[in-house]
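This is what each chain is made of:
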Amino acid sequence: MKKLHIILVLLLLALVSPTFGQKTKGKSKKQLQSEINSLQKEISTANQLLKKTKKDKEMTLNEVNLLDKKIKQRENLIKAYNQQIAVLDEEINTGQSNIKTLNSDLKKLRKEYAKMIVFANKNRSHYDMLGFVFASKDFNQAFRRLRYIREFNEARKVKIDQIVSTERRINDEVEASQKAREEQAAMLKDEKAQQEALQKEKKDLNGQVAKLKKKEGSIQQDIKNKQQQAKKLQKAIDDIIAEEIRKANAEAERKRKEEAKKNANKGKATTAPAPKEKGMALTPAEKTLSSNFVNNKGNLPWPVERGVISSSFGKHASVVSDKVTVTNNGIDIATTEGAQARAVFEGEVASVVKLTGANTVVIIRHGEYFTVYSNLENVTVKRGDKVKTKQNIGTVHTNKTEDKTELHFELLKEQNRQNPANWLSK
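Before going into details, it helps to say that this report is about the structure given with it.

Quick notes on the overall build of the chain
Next, step 1: Secondary structure assignment for the chain yields seven helices and 13 strands.
Next, step 2: Scored against the burial criterion, the 426 residues of the chain give a buried share of 39%.
Next, step 3: Looking at the chain alone, contacts between residues at least 24 apart form 75% of all its contacts between residues at least 6 apart.
Next, step 4: For the chain, the exposed area adds up to about 25,300 Å²; of that, 51% sits on carbon and sulfur atoms.

Considering the pairing of strand β3 (residues 325-328)
Next, step 1: Side chains Val326 and Asn328 project from β3 onto a buried face, and the interleaved Thr325 and Thr327 project onto a face without burial.
Next, step 2: In the sheet, strand β2 (residues 314-317) pairs with β3 via four bridges, with the strands oriented antiparallel. By the bridge assignment, His316 is partnered in β3 with Val326.

Details of the pattern of salt bridges
Next, step 1: Within the structure shown, the criterion is met by 19 salt bridges.
Next, step 2: With its nearest N and O atoms 3.3 Å apart, the salt bridge here joins Asp204 to Lys200. On the criterion of helical spacing, the pair formed by Asp204 and Lys200 is a turn pair, its members being four residues apart in helix α5 (residues 139-213).
Next, step 3: Residue Lys200 is classed as exposed on the basis of its relative accessible area, which comes to 54%.
Next, step 4: The network of salt bridges with shared partners includes Lys70, Arg74 and Glu201.

Conventions used here
- Residues numbered from 1 in each chain as written.
- Predicted model: local features only at pLDDT ≥ 70, side-chain atom pairs only at ≥ 80, totals over all residues.
- Heavy atoms only, no water.
- Helix = DSSP H or I, 4+ residues; strand = E, 2+ residues; numbered from the N terminus.
- Buried < 20%, exposed > 50% of the residue type's maximum accessible area, 1.4 Å probe, protein only.
- Contact = heavy atoms within 4.5 Å.
- Areas by Shrake-Rupley, 256 points an atom, 1.4 Å probe, with all protein chains shown as cover.
- Pairing = 2+ DSSP bridges.
- Salt bridge = Lys/Arg side-chain N within 4 Å of Asp/Glu carboxyl O.

Just distances and angles here, no functional claims.
If you want it as structure tokens, here you go:
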């Protein structure tokens with residue numbers, strides 16, 4: 001009786017089996033795959049834009065910049081591949097560890113089940129079982145013995161289920177590890193192909209840069225001219241936004257005075273609010289629009305459906321001449337001829353103006369935020385128009401001489417310029 005009780009207790013304790021999990025540091029496989037897909041798409045677009053350059057034609061500065069950008073994308077793609085390979089390596093190692101632990105558990109389960117079989121064989125006859133029950137001193141003891149027999153049979157069934165489940169988990173882990181190895185092998189192959197493509201592109205870039213360096217003087221002058229045009233564009237944008245801020249604040253002040261006058265006529269005491277030192281006065285609706293705009297940071301759609309950032313935000317040296325520093329107040333996006341520029345968020349058109357070197361510029365206000373779309377033609381909106389997210393606002397101009405279709409895009413909080421790349425979806 002005591003021996004049976006001890007065995008049953010041990011069997012019940014054995015029902016608890018370990019669980020296994022895995023934690024991957026850094027980006028997940030899904031995030032890395034999304035990054036890889038995005039980079040591959042950008043490289044494909046860059047390739048499409050560069051295909052127009054014939055082998056016997058010398059690249060323009062714009063095309064060299066585009067090739068340089070593609071190389072950086074390729075380097076990021078290789079980095080993402082290496083991270084994905086590392087994640088798969090971790091999966092394989094974790095899987096092997098799980099298989100080892102599960103095999104150890106399976107060995108214990110089979111050993112425990114063997115003991116149960118031995119015990120069952122010793123007490124297998126119907127007569128022995130009945131004798132064990134009928135040998136009870138009273139009804140309560142008989143009831144307990146019947147319960148022990150039932151629990152023992154149930155424990156055997158549970159143990160069998162555990163063995164089958166563990167064997168299934170081992171097979172799943174083996175299959176998952178094999179799949180991870182196959183994925184890793186494919187990734188390594190792709191990574192090697194990307195490395196080879198990268199070396200070729202770097203060689204091409206160095207060759208084209210060497211050719212353009214022979215014309216470094218004229219290139220420096222060209223860059224200088226474009227920087228002067230950029231300064232004119234900056235001033236025009238700043239003036240337009242400053243006027244928007246002035247009008248918004250003037251309207252807010254007018255309403256405040258009108259409300260104060262009404263209260264005075266009704267004999268109500270009024271306390272004028274302290275004047276706002278800086279910034280733009282916003283209506284409740286504009287505050288909501290600004291808040292919604294901020295909440296979409298990192299998820300705003302691109303101002304063109306397809307394109308590649310050919311010049312990034314901020315100061316950076318020219319690809320051809322390190323003697324010249326290029327300052328970009330936004331980003332330049334190379335796209336295909338005939339591409340439509342589109343609003344990245346709902347708002348109101350604050351200005352449509354033509355500027356030398358920038359063609360037509362559209363500025364859209366989103367509360368206290370502004371987006372600028374420069375180098376457009378055939379513009380389809382006018383000042384005061386309400387626009388929706390992704391609404392087409394005009395065609396990106398194509399420079400036939402350079403065979404370049406490029407949108408200049410800026411994003412500002414009032415007059416403070418932001419890096420648009422941080423706001424657009426990846």
